[in-house]
Structure formats: structure tokens, C-alpha cells
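Here is what each chain is made of, one letter per residue.
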Amino acid sequence: MRESAEARGGTARGASWRSWPSREALTRVGFPRGRIVLDYTMIVGLSVFVVTGCYTSGAFDGWWAPLPPLGFGLCAAAALRYHHTTLDRRLAASLGLLAAITLCGLGAYAAGAPKPATVLWFVVAVMAMERLPLSVGSATVAVLAAGFAKADETGVIGAGVTTAAALLAGYSLRLDAEARGAGFQLLAQERLAREAEAASAALAERARIAREIHDVLAHSLSAQMVRLEVARLQIEAGADRAEILKLVTSARSMAKEGLTETRHALSALRGDMVPVEDYLRELAREDRAEVDVTGERRDLPAEAAQAVRRVAQEALANVRKHAQGARTRIRFVYGTDEVSLEIRDSGPPPAVDDVRLGEELGSSGSGYGLIGMRERAELLGGSLDAGPEGTGFTVRLRVPV
């Protein structure tokens, strides 16, 4: 395994040695303005030094006087084009442009201007180390080292110093560009991550809104269906008109309450929510249920509060549907890291005459009340237990907060 790790490390180093700098590193996007001003100042200074050095050397007098500006113009055009060819990672074209600048330097040296030639070769070496693969850049500097040795009056020592300076300057610029490019890559990745997170949050919010509206409407429509089914059965049995009207009026009231509850759900999703215990007391008032709240009162996350509200609403609706008239007790507890809700009814036995009616009504609901409550609790990392207890029925909810 150690050999494998070493082999992978060697492969990575080899790939790095042969690879180009990143595209972000090869651009000038994000360069500080002061750095750009400094670079242009250095370019102008070197340009003046090269052109002036050609004339002061005496090698370009008479008919040869126009050659230094023309040659330097060719070098400048080649350098600008080199920026684009390296950005496109075209190795042959990039090396050809560096060769053109090198030949201009060779012409200056042959004409008797060694210092301008050395400057041009030094610039070529730095450009190769900064923007080409390291293997190609190093080879280019090695070739130019012979020129440094020829042009430098101090011989091998001066050529070695010049070569080392070119390698160090080019590699330092390369590292600086790579660091800047890595920063831009991280920013791009962070931007994409934030966009993905925002899209995921939007989808989660849509699912949450759909779930809330579904729960409200399912509860409201189920309650209306119960009352309308009772009204249908009473009409078939020839019941009194006043009793039937009472059930229809109750169904209408349930529809109105459903619309109100939908508005409350939307308000809760926007964060405009009454405290849970206040909602439980208001909900229990209609069924004359007892409410017991313990623990230190505090604000709950919207989804946890909505879970408690929906479970309480569904549980009380089941009491009205299956144990009409039963005594109901609601117990809500603020814990250290969770809240718990318990709704227990006494479950009085139905009247003999209501057995058939109860059976028919039991088949009229959706049958998904307890399943929906349990799924809501599990989505929040909590749990829900529901089942007979004694003569009644008990629902227990735990939700972490």
C-alpha cells in the first residue's frame, strides 16, 4: 500500500510537471490595480533600456538606426500574441513566438549589443517559466543559459546568476498566478454551491408549503365529508329536516374554518405564528378539552411548531369522528432539547343505534391521518406513537428543537 501511495504521488508530481497553469492563472482577471501599474511600468522601463542600449552600443548607426524600434515592435507584438496562445494552451505556437523574440535578441547580440540581447532572453525565460508547462519552461531556460554565458562578460558565474534569477522570477510569478487562480476557482465553486443550496432550499420550501396546504385541506375536507355523510344517512333514514340542516350548516362552518386555517398556515410559513400553547388552548376550546402546558416557554422553529399544531388538529378531529363526547386531555411539555405532545381521550363506547353509522363514517375518511402525522414527525427527526390505551386512544408526539 505504501508503494502504491508513493506511485500515486509520483504520478501526481509528473502530471504537475507536464501540466499547464490553470486558465484562471493565465488570465489577468482580479489583478490588483497597483500590480498592473507596476507591471506596465517595468515593461516601459525595459523597453526604454533595450532600445537605448542598442543605440548606445554603437551597433545600429547609419542605415541600421531604424532596426531597434522595428525589432522591439516585433517583440512586443509577439509577447501580446503569446498571451493568447498560452491562454488557449497551444504549445507549438507559444514556443514559436518565444523563438521570434529570442532571434531578435540574437540579432542584437550579433550586431554588438549584448546587454539588450540579455534582457530580451531574460524576459523570454521568465515568460516561459510563468506560462508554459514546467518541463517546457525549464528546457527553454536551459537553452537560453548558453546565450547568457556568451553575452555575459563574467562568463559562467554571471550566466549562472542570470539563469537562476530567471528561473526564480518566472517560478515566483507562476506560483503567484496559480494562487490567484485557485482563489478564483474556490470562489466559483462557492458560488455554485450557494446556487445549488438556494435551489435546494427553494424546492424544500415548496414541498413544505405543499405539505402544509395538503394537511390543512385534507383535515378540513375530511371533517366536512363526515358531516355530509351523516346528513346523507339521515336523509335516507327520513330524519328531521332541522337535524339535517344542522349538519349541513356545520359542514359549511368547517369549510369556512378550513379557509381560515389555510391562511393561518401560510402566515406560519412566513414566520407570523402565535405561540403553540395559545393555539392548543384555542383548538381545545371547541372540544372542551383540558390543556396542561409545562416547561419554560420559548419560541420554536416554524416546522416544529407546525408539526405540533397539525398533530393536535388531526388527533382532536379523530376524537370528534370516533369518540364524540369523550373527555380529552392535552399535555404539552417544553423539554431541554425537544417538545412533546400527548392527546388522550376517554373513549366512551358508542350507542347501539350508532354502530352502523360509525362503521359507515369510518370508511368515509382518507385513512391517512396517522400515517401523515407519523411521516411529519419523522421528517423532523422525531417520533409519533398512537394507539388504544385503556378505554380510549392516545397520541404521543416528540419533536427535537
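Anything mentioned here points back to the structure above.
Residues numbered from 1 in each chain as written. Predicted model: local features only at pLDDT ≥ 70, side-chain atom pairs only at ≥ 80, totals over all residues. Heavy atoms only, no water.

Undergrad: What is the right way to read the pairing of strand β3 (residues 338-345) from this model?
TA: As a general feature of sheets, a regular strand has side chains that alternate between the two faces. Here β3 shows a buried face lined by V339, L341, I343 and D345 and an unburied face lined by E338, S340, E342 and R344. Of the pairings in the sheet, the one linking strand β2 (residues 328-334) to β3 comprises seven bridges and is antiparallel in character. Residue pairing across strands places R331 opposite E342, the latter belonging to β3. Taking the residues between adjacent antiparallel strands as the criterion, β2 and β3 are bridged by three residues. Across eight bridges, β3 lies against strand β5 (residues 392-400) in antiparallel orientation. Across the sheet, D345 pairs through a bridge with F393, a residue of β5. (Buried < 20%, exposed > 50% of the residue type's maximum accessible area, 1.4 Å probe, protein only. Helix = DSSP H or I, 4+ residues; strand = E, 2+ residues; numbered from the N terminus. Pairing = 2+ DSSP bridges.)

Undergrad: Got a minute to help me understand the packing of helix α6 (residues 114-131) against helix α7 (residues 134-151) in this structure?
TA: The description of two helices packed together rests on the angle between their axes and the distance between the axes. Running from N to C, α6 and α7 point in directions that differ by 170°, and their axes come no closer than 8 Å. The orientation of α6 with respect to α7, classified from their angle, is roughly antiparallel. For the pair α6 and α7, contact is made by P114, T118, W121, F122, V124, A125, A128 and M129 and by L134, G137, S138, T140, V141, L144, G147, F148 and A151, respectively. (Axes fitted to C-alpha atoms, helices over the stretch in contact; angles between N-to-C directions. Parallel < 35°, antiparallel > 145°, perpendicular 65-115°, else oblique. Contact = heavy atoms within 4.5 Å.)

Undergrad: Please clarify how the packing of aromatic side chains should be interpreted in this entry.
TA: Aromatic rings considered in pairs are described by the distance between their centres and by the relative angle of their planes. Under the defined criterion, the tally for this structure stands at one aromatic pair. Ring centres of F332 and Y334 lie 5.0 Å apart, and the angle between their planes is 80°; this geometry places the pair in the edge-to-face category. The same class applies to F332 and to Y334, which are both buried. The positively charged end of R309 is found above the aromatic ring belonging to Y279, 4.1 Å away from the centroid. (Phe/Tyr/Trp six-rings, centres within 6.5 Å; stacked < 30°, edge-to-face > 60°. Lys NZ or Arg CZ within 6 Å of the ring centre and 35° of its normal.)

Undergrad: Explanation requested: the pattern of salt bridges in the structure shown.
TA: Pairing of side chains with opposite charge becomes possible as their charged atoms draw close. Counted by the stated rule, this structure contains 14 salt bridges. The partner of R344 in a salt bridge is E389, with the nearest N and O atoms 2.9 Å apart. Pair noted here: R344 is in strand β3 and E389 is in strand β4 (residues 383-389), with a separation of 45 residues, a long-range link. Here R344 falls in the partly exposed class, since its relative accessible area comes to 35%. Across the pair E389 and R396 runs a salt bridge whose closest N-O atoms are separated by 3.0 Å. Assessed through its relative accessible area of 31%, E389 is described here as partly exposed. Judged by relative accessible area, R396 falls into the partly exposed class, the value being 33%. (Salt bridge = Lys/Arg side-chain N within 4 Å of Asp/Glu carboxyl O.)

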